[in-house]
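# Fold and geometry: a report
Spelled out, the chains give:
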Amino acid sequence: MQLSIIVPTFNEAPNVAELVRRVSAATSGMDAEIIFVDDSTDTTPDVIREVSASAPLPVRLLHRSARSGGLGGAVVEGFALAESDACLVIDGDLQHPPEEIPALVERFERGDVDVVVASRYAGGGTAHGLADRTRVLVSKIATALTKAMFPIRLREVSDPMTGYFILDRRAIDMATLKPRGFKILLEILARKNLRVAEVPFAFAGRHAGESKASVRQGLNFVSQLTALRFGKMSLFAVIGGLGAIVNLAIMWALTQMGVGYIAAAIVAAETTIIGNFLLQERFVFNDMRDAASGGWLRFAKSFTFNNAEALVRIPVIALLVETWHFSAVVAAGVTLVIAFFVRFVFHSLVVYAPRRAGVEPSRARRFVEELDAQAMSPGEL
């Protein structure tokens, strides 16, 4: 069997030689290659080159200067480089024991599935390699949440968060993938109905180096999950909703301190305008930033529009309070809901519009196409 083994790496120099040794032993008799897609800032690419010179199977390296899509993006680039349609993904830290590769390949070769997942939570699988009980708890909660969000497509998958799996790359449309970090299997399974089988495995401790798990990765996961389930507009709504809560909380606190509701609304608006922009940059429009205008110009457009919108919205609040006797907080909440839709359209069509010449007439069409592409039917998921 021909097999391309894709290893996304970030600062895994101490693990490379042992990984290649164990993968080589596990794939003895197979026509296999290893593709390292590396985003490292340490000596990892140098070590890979050195190890490849004496490795018993072909070892290839792509060192990326830009970490587009994180480790998930590295996997997608590995799919494109692979010599074989059968692609196996494995972490570079040896928490995925290479000795399980023959079991994954054997199940895959039966030909009745598109993906074979190495699962920590199926059969005799274990997650003992997680650093502590907190990590185990977080992993189980994240898995349960993910399965609840995609009850149909993940009904046969006990471990959609694993990074150890084998698939036929012809079964996926790589153009639809929008990797955000290291949960690339979730991205693949959520976007298309695939036939899945599982093989249990024991998640091991790291061979060397430090875990890459962080709060930032957790936020990336939440962003990815929300975008997959609801699309870009709903992710924008989540951030807008959080901003609205903060806005109302600030306004309430200031009015309780004796500040007039107009002044309180202004302070709350300015604070949340800046906060929302930063979150939207990172989690909503991240994939559009490279083609858009510069960061400060994007901020200027967003800040100016939101303040103009606030200049319209605050008199409306005053009208609702003074004439129709709404409470100040309720009036602000009503206007924020209406403003949400206007903000999303403006940011999609103007703030993050591509710089390229000649695209102005087609902005509205692209906007509608993007919404169509990202709208995912709950029945299908």
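Residues numbered from 1 in each chain as written. Predicted model: local features only at pLDDT ≥ 70, side-chain atom pairs only at ≥ 80, totals over all residues. Heavy atoms only, no water.

Okay, the overall build of the protein next. Tallying secondary structure elements over the protein gives 12 helices and 7 strands in all. Each of the 381 residues in the protein was classed as buried or not, and the buried ones make up 49%. Within the protein, contacts between residues at least 6 apart in sequence are counted, and of these 77% link residues at least 24 apart. Taken as a whole, the protein presents about 17800 Å² of accessible surface, with 62% of it coming from carbon and sulfur. (Helix = DSSP H or I, 4+ residues; strand = E, 2+ residues; numbered from the N terminus. Buried < 20%, exposed > 50% of the residue type's maximum accessible area, 1.4 Å probe, protein only. Contact = heavy atoms within 4.5 Å. Areas by Shrake-Rupley, 256 points an atom, 1.4 Å probe, with all protein chains shown as cover.)

Together, W324, F326, V330, V334 and I338 make up a nonpolar patch on the protein surface, roughly 490 Å² of accessible area in all. Tracing the backbone shows V334 in helix α11 (residues 328–351). (Patch = residues over 30% accessible without salt bridge, like charges linked within 9 Å, V, L, I, M, F, W, Y side chains within 5 Å. Salt bridge = Lys/Arg side-chain N within 4 Å of Asp/Glu carboxyl O.)

Before going further, it helps to spend a moment on the environment of V117. Relative to the helices and strands, V117 is located in strand β5 (residues 115–119). With 44 residues separating them along the chain, V117 and M161 place their C-alpha atoms 9.9 Å apart. Residues contacting V117, with those up to four places away along its chain left out, are L104, D159, T162, Y164, F165, L185, V196, A197, E198 and V199.

This part covers the environment of L297. Position of L297 relative to the elements: it lies in helix α10 (residues 295–322). Residues L297 and V351, spaced 54 residues apart in sequence, show a C-alpha to C-alpha distance of 8.3 Å.

Next up on the list: the environment of G124. Looking at the element boundaries, G124 is found in the loop between β5 and α5 (133–149). Given a relative accessible area of 62%, G124 falls into the exposed group.

Another aspect to go through is helix α2 (residues 44–52). Turning to α2, its buried residues number three or more, namely T44, P45, V47, I48 and V51. All buried residues of α2 lie within an arc of 160 degrees about the axis, which places them on one face of the element. For α2, the elements touching its buried residues are β1 (2–9), α1 (16–26), β2 (31–38) and β3 (59–63). (Arc of directions from axis to C-beta.)

Between α10 and α11, the shortest axis-to-axis distance is 9 Å and the interhelical angle comes to 150 degrees. Taken together, α10 and α11 sit at an angle that is classed as roughly antiparallel. Judged by the sense of rotation from one axis to the other, the crossing of α10 with α11 is right-handed. Here R298, K301, S302, F305, N306, E309, R313, V316, I317, L320 and V321 of α10 come into contact with α11, specifically with A328, A331, A332, T335, L336, A339, V342, R343, F346, H347, V350 and V351. Tallied by class, the residues present in the contact of α10 with α11 amount to 14 nonpolar, 4 polar and 5 charged. (Axes fitted to C-alpha atoms, helices over the stretch in contact; angles between N-to-C directions. Parallel < 35°, antiparallel > 145°, perpendicular 65-115°, else oblique. Left-handed = near helix turned anticlockwise from the far one by under 90°. Nonpolar A, V, L, I, M, F, W, Y, C, P; charged D, E, K, R; others polar.)

What follows covers the nonpolar core. One finds L3, I5, I34, F36, L88 and I101 to be the most contacted residues of the largest nonpolar core, which totals 35 residues. Only β1, α1, β2, α2, β4 (86–89), α4 (101–108), β5 and β7 (196–200) provide two or more residues apiece to this core. The element contributing the most residues to this core is α1, with 5 residues. Not counting residues within four places of it along the chain, the set of residues in contact with I5 comprises V23, T27, A32, E33, I34, I35, L88, I90 and I101. Counting 28 residues, the second-largest nonpolar core is a separate cluster that includes V76, F79, A82 and F165. (Core = buried A, V, L, I, M, F, W, Y, C linked by side-chain atoms within 4.5 Å.)

Below, the discussion takes up the side chain of E281. Summarising the element assignment, E281 is placed in helix α9 (residues 261–283). A distance of 2.8 Å separates a polar atom in the side chain of E281 from a polar atom in the side chain of R298. Contacts of E281, omitting those with residues within four sequence positions, involve N286, R289, R298 and Y352. (Polar contact = N/O pair within 3.5 Å; in protein donor to acceptor, adjacent residues only side chain to side chain.)

Now for the pairing of β2. Of all the 8 residues making up β2, 7 are buried; the element is thus mostly covered by neighbouring parts of the structure. Pairing of β1 with β2, which is carried by 8 bridges, proceeds in the parallel orientation. Bridged to L3 within β2 is A32. Once the chain exits β1 it traverses α1 before rejoining the sheet at β2, and the crossover so formed is right-handed. (Pairing = 2+ DSSP bridges. Right-handed = clockwise from strand over helix to strand, strands pointing away.)

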